[in-house]
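Here's the letter readout for the chains.
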Amino acid sequence: MKNFLIKVKNFVMDRSFLLLCTDVAIIALSYGLSLFICALRREMGSPAYVYVLWTVLPVVFYLLFSRILKIDRIIWRYASGSDFLRILLTAAEAAFAAFLACELIGMSKNLPTLYSIMSAAVCALGITASRLTYFAIIAHRSARRKDVPLKKLLIVGAGSAGSMMLTELLHNPSLGLLPVAVVDDDRQKLHRRISGIKVYGNTREIPTICREHGVDLIYIAIPSATNAQRARILEYCAGANCPVKILPFFSETDALGSLAEKVRNITPEELLGREPVKVADEALLSFVSGKTVAITGGGGSIGSEICRQVAANSPGKLVIIDIYENNAYAIQQELIGLYGDRLNLSVHIASVRDAKKMDLLFAREKPDIVVHAAAHKHVPLMEDSPDEAVKNNVFGLFNTAAAADKNGVKKFILISTDKAVNPTNVMGATKRICEMLITYFSGFSNTTFTAVRFGNVLGSNGSVIPLFKSQIEARHDVTVTHPEMIRYFMTIPEASQLVLASGAMAKSGEIFVLDMGQPVRIDDLAKKMISLSGLVLGRDINIRYTGLRPGEKMYEELLMSEEGLTRTENKKIFIGHQVSVCPEEFSRQLAELNRLCTGPEPDHAAIRKMLSAIAPTYRPAQL
């Protein structure tokens with residue numbers, strides 16, 4: 001008996017039951033009001049049972065339709081406009097059904113039609129108003145809960161996504177966010193309200209609005225915005241010194257679930273405002289279809305992305321070669337998870353320095369295409385170890401190219417860098433010699449050799465943005481070499497597509513160059529990242545200028561003056577033609593360079609001098 005009473009008590013105290021009782025009371029009052037007016041106007045003359053049915057029938061039909069349409073299952077604190085429309089229609093349908101029932105049993109002649117319409121309208125509006133009132137009370141109580149510390153939030157975007165996010169945040173205080181303002185560039189939305197929150201101004205006014213309302217955090221809720229549009233908004237957000245998060249493109253996530261929980265940090269592409277450059281269409285990428293493709297350094301930042309793009313285009317076989325087993329294992333497991341047995345995959349732990357091993361692998365795997373991504377690339381480290389840079393970059397390429405020539409590889413693609421142009425450091429000099437090796441092998445081999453040259457790659461290991469991010473998170477000084485230093489940037493997918501596109505276009509001996517737009521000032525990039533992290537430069541964190549590191553340039557070049565440019569069918573890709581090399585002299589110089597690097601105690605000064613002799617454009621930076 002006790003358990004039964006507890007169940008009855010819980011049912012009676014249930015919010016759905018209380019709301020249903022409220023609905024019944026509103027219906028009874030609505031139809032009772034019409035009877036009262038009839039009495040005042042002396043228009044009542046029907047039997048008593050008519051008035052009872054007149055009041056009871058709408059209640060019965062409303063309860064029936066509520067059950068059918070599952071009105072009792074709606075969680076009204078999270079209700080949307082469609083939910084309010086459903087209950088309005090339910091009340092209207094119940095009133096219409098009651099009127100039809102009265103017509104069928106001949107009651108309507110006893111009551112004027114005007115009163116029926118008036119009763120139905122009052123009933124429908126009253127029930128809807130009760131739900132709106134409940135919704136507003138719950139929203140106010142949730143937003144003002146004092147037991148949860150709330151951060152003041154500014155939402156950028158008063159469209160559908162911003163409105164949905166605003167509703168979620170107002171009714172979910174556990175997220176710890178309190179929306180206080182909205183901004184939007186649509187003039188028609190200015191000074192209006194969304195769920196009680198005012199649209200105060202446009203995006204240019206973000207810094208002012210943040211200061212006036214004490215905003216702690218900014219959410220950009222415009223999933224359809226381009227990277228250029230997002231970059232413009234981020235420029236304004238940077239002036240507010242508030243942390244910024246962004247709602248991804250709808251294509252990056254499913255449309256279901258909480259929008260407020262889908263916000264993410266800003267990507268490098270959004271930070272720089274670059275629209276992705278599609279440098280390789282399906283026709284260019286399809287040249288790997290059915291082919292055996294070998295990728296050295298396949299576990300690295302660029303190498304692994306090339307592996308992904310090759311795997312997505314139905315290769316006959318994908319061969320990954322890398323000396324670092326952790327990276328090789330990671331990309332192997334990723335591709336197995338994506339493609340399973342549909343991808344013919346082979347992974348080898350091997351060094352490009354081992355000429356015999358490279359020859360053995362190519363003889364066994366018989367690749368049609370080789371992408372050479374293996375290299376040492378960190379400029380300061382290679383300045384301290386020029387012998388290692390030469391052995392890995394120059395002779396690692398030589399070994400791989402020789403194995404490709406010997407085993408009948410059809411196309412060989414070298415990944416080069418803008419640092420190979422008029423190099424001032426050892427790494428750039430070795431890559432310049434690598435480009436000369438491409439010309440050298442093109443002179444006698446049946447294999448098509450080509451090189452791909454691009455600038456800094458966003459998000460790659462050792463790139464500047466991850467470094468700045470880690471320094472900001474640790475509240476360490478952000479280290480910038482020089483306030484005037486500029487760099488070209490491209491994304492990992494763009495770099496990888498350029499490699500495949502060049503392989504499809506290559507005839508032999510060309511250097512492919514990507515148009516990467518305007519260079520970026522590194523100092524400006526650091527300041528923007530600090531501001532968008534919510535920190536104040538000079539108060540919370542500082543920028544420390546360290547000066548140019550050994551071998552580092554103030555700016556990079558993408559082409560040497562003597563190479564010239566030839567436009568390809570793709571407007572973003574150009575070809576720079578290599579200068580010729582004397583095979584006999586080049587071979588002699590390589591032999592001497594090899595002797596200097598493999599001796600018992602490598603002479604770094606002699607190695608640098610030899611690098612300069614082979615690549616006359618190499619001018620070591622003065623320390």
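Residues numbered from 1 in each chain as written. Predicted model: local features only at pLDDT ≥ 70, side-chain atom pairs only at ≥ 80, totals over all residues. Heavy atoms only, no water.

Q: Quick one: what's the story with the overall build of the chain, residue by residue and with numbers?
A: Counting its secondary structure elements, the chain contains 21 helices and 21 strands. Sorting the 623 residues of the chain into buried and exposed places 49% on the buried side. Intrachain contacts of the chain at a sequence separation of at least 6 include 76% that bridge at least 24 residues. Summed over its atoms, the accessible surface of the chain is roughly 29800 Å², and 57% of this surface lies on carbon and sulfur atoms. (Helix = DSSP H or I, 4+ residues; strand = E, 2+ residues; numbered from the N terminus. Buried < 20%, exposed > 50% of the residue type's maximum accessible area, 1.4 Å probe, protein only. Contact = heavy atoms within 4.5 Å. Areas by Shrake-Rupley, 256 points an atom, 1.4 Å probe, with all protein chains shown as cover.)

Q: So what about the packing of helix α13 (residues 355-365) against helix α15 (residues 386-406)? Which residues, and what values?
A: Look at α13 against α15: their axes get within 9 Å of each other, and the N-to-C directions meet at 35°. Regarding α13 and α15, the two cross each other, and that crossing is right-handed. Seen from α13, the contacting residues are Ala355, Met358, Asp359 and Phe362; seen from α15, they are Asn399, Thr400, Ala403, Ala404 and Lys406. (Axes fitted to C-alpha atoms, helices over the stretch in contact; angles between N-to-C directions. Left-handed = near helix turned anticlockwise from the far one by under 90°.)

Q: Quick rundown of the sheet that holds strand β7 (residues 292-296)? Include the residues and the values.
A: Pairing within the open sheet is mixed, and its 9 strands lie in the order β9-β8-β7-β10-β11-β12-β17-β21-β20. Each end of this open sheet is capped by a strand with a single partner; those strands are β9 (345-349) and β20 (566-567). The pairing of strand β11 (residues 411-417) with strand β12 (residues 448-454) spans 7 bridges and is parallel. Following the sheet pairing, Lys411 is matched in β12 by Thr448. (Pairing = 2+ DSSP bridges.)

Q: How would you summarise the pairing of β11 if you had to cite specific residues and measurements?
A: Extensive coverage of β11 is indicated by the burial of 7 of its 7 residues. Residues Lys411, Ile413, Ile415 and Thr417 point to one face of β11 and Phe412, Leu414 and Ser416 to the other, with burial holding for every one of them. As defined by bridge partners, strand β10 (residues 369-372) adjoins β11 across 4 bridges and the pair is classed as parallel. When the bridges of β11 are listed, Val370 appears paired with Phe412.

Q: Pulling in residues and values, what's your account of the side chain of Thr400?
A: Within the element layout of this structure, Thr400 appears in helix α15. Owing to a relative accessible area of 0%, Thr400 belongs among the buried residues under this scheme. Ignoring any residue separated from it by four or fewer positions in sequence, one finds Thr400 in contact with Thr296, Val352, Met358, Phe362, Val370, His372 and Phe412.

Q: Describe in detail a nonpolar patch on the surface, supporting the description with residues and values.
A: A cluster of nonpolar residues, Leu64, Ile68 and Leu69, forms a patch on the protein surface that exposes about 260 Å² of accessible area. Of note, Ile68 is situated in helix α3 (residues 48-68). Judged by relative accessible area, which is 52%, Ile68 ranks as exposed. (Patch = residues over 30% accessible without salt bridge, like charges linked within 9 Å, V, L, I, M, F, W, Y side chains within 5 Å. Salt bridge = Lys/Arg side-chain N within 4 Å of Asp/Glu carboxyl O.)

Q: Tell me about the side chain of Asn399, and please be specific about residues and values.
A: Structurally, Asn399 is set in helix α15. Assessed through its relative accessible area of 13%, Asn399 is described here as buried. A polar atom in the side chain of Asn399 sits 3.0 Å from the backbone oxygen of Arg353. Discounting residues that sit within four places of it in the chain, Asn399 has contacts with Val352, Arg353, Asp354, Ala355 and Met358. (Polar contact = N/O pair within 3.5 Å; in protein donor to acceptor, adjacent residues only side chain to side chain.)

Q: Lay out helix α19 (residues 522-532) with the relevant residues and their values.
A: By the criterion of burial, α19 is predominantly enclosed, with 9 of the 11 residues buried. Of the positions making up α19, those classed as buried are Ile522, Asp523, Leu525, Ala526, Lys528, Met529, Ile530, Ser531 and Leu532. Directly beyond the C-terminal end of α19, a positive phi value near 85° is found at Gly534.

Q: Could you give an account of the nonpolar core, with specific residues and numbers?
A: Within the largest apolar cluster, 48 residues are counted, with the highest numbers of intra-cluster contacts made by Phe362, Ile433, Leu593 and Leu611. The dominant element in this core, judged by the number of residues it contributes, is helix α16 (residues 426-442), at 10 residues. With residues near it in sequence (within four places) discarded, Leu593 still touches Val390, Phe395, Ile433, Ile607, Met610, Leu611 and Ile614. Counting 40 residues, the second-largest nonpolar core is a separate cluster that includes Cys210, Leu458, Val480 and Ile541. (Core = buried A, V, L, I, M, F, W, Y, C linked by side-chain atoms within 4.5 Å.)

Q: Describe the sheet that holds strand β2 (residues 177-183), listing the residues and the values that go with them.
A: In sheet architecture, strand pairing relies on hydrogen bonds along the backbone and comes in two forms, parallel and antiparallel. Taken together, the 6 strands give an open sheet; going across it, the order is β3-β4-β2-β1-β5-β6, and neighbouring strands pair in mixed fashion. Edge positions in the sheet fall to β3 (193-194) and β6 (244-246), since each of these pairs with one other strand and no more. Relative to β2, strand β1 (residues 151-156) is paired through 6 bridges, and the arrangement is parallel. Its bridge partner lying in β2, Lys152 is registered against Leu178. Where helix α7 (residues 206-213) meets the sheet, it contacts β1, β2, β4 (197-201) and β5 (217-220), and its direction lies at approximately 155° from that of β1. Sitting on the sheet, helix α8 (residues 227-238) is in contact with β1, β5 and β6, with an inclination near 170° to β5.

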